[in-house]
Amino acid sequence: MSHQQESIGISAYEGRQDHIPNLKLPEIESFANVYEGKDYTIDFTIPEFTAVCPKTGLPDFGVIEISYIPKAKCIELKSLKEYILAYRNLGIFHENVVNHILEDLVQSVDPKFIRVKGDYNLRGGIKTIVTREYQSK
């Protein structure tokens, strides 16, 4: 990137995360919700989430919280663990982690409602929390 591009506000990272929406990670499996039609909430906390900062190459640590109301299918935990582990060596921004997880979970189980929250450890004097919600129509 040229000095001129930087001076007009174009990031050196522009375009480097464009592949993330189409990134294929391990499949999140599901099982039948035998209480379909009943509204109840399932919460998961992943306290040792790790991905790689695409700028520094250093690990980013945080807590991922998932809360959802299932319809016909529930998230199978072993496959969720394998899916989450796939982020360990992936260079990805915090915002993209949360969005990608939410979209993969919606595709896998089509919940009534889901919230994914990424609460990242303090880094460089800045705390980052990213939250996204989805509600089926």
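Just so you know, these numbers come straight off a predicted model, no measurement behind them.

Scoring rules and cut-offs
- Residues numbered from 1 in each chain as written.
- Predicted model: local features only at pLDDT ≥ 70, side-chain atom pairs only at ≥ 80, totals over all residues.
- Heavy atoms only, no water.
- UniProt positions renumbered as here; feature names shortened; annotations may be inferred.
- Buried < 20%, exposed > 50% of the residue type's maximum accessible area, 1.4 Å probe, protein only.
- Helix = DSSP H or I, 4+ residues; strand = E, 2+ residues; numbered from the N terminus.
- Contact = heavy atoms within 4.5 Å.
- Polar contact = N/O pair within 3.5 Å; in protein donor to acceptor, adjacent residues only side chain to side chain.

1. Quick notes on the UniProt feature "active site" (unreviewed entry) in the protein
Residues annotated in UniProt with the feature "active site" (unreviewed entry) correspond here to Cys53 and Asp60. Take Cys53: its relative accessible area is 11%, and that puts it in the buried class. Checked against the element boundaries, Asp60 lands in strand E3 (residues 59–69). Once you skip the residues sitting within four places of it in the chain, Asp60 turns out to touch Phe49, Thr50, Ala51, Val52, Cys53, His94, Tyr120 and Arg123.

2. Some thoughts on the UniProt feature "binding site: substrate" (unreviewed entry) in the protein
With numbering aligned to this structure, UniProt lists the feature "binding site: substrate" (unreviewed entry) at Ile75, Glu76, Leu77, His94 and Glu95. Contacts of His94, omitting those with residues within four sequence positions, involve Asp60, Tyr120, Thr128 and Val130. At 3.3 Å, the side chain of His94 and the side chain of Asp60 are in polar contact. Summarising the element assignment, Glu95 is placed in helix H3 (residues 94–109). A relative accessible area of 42% places Glu95 in the partly exposed class.

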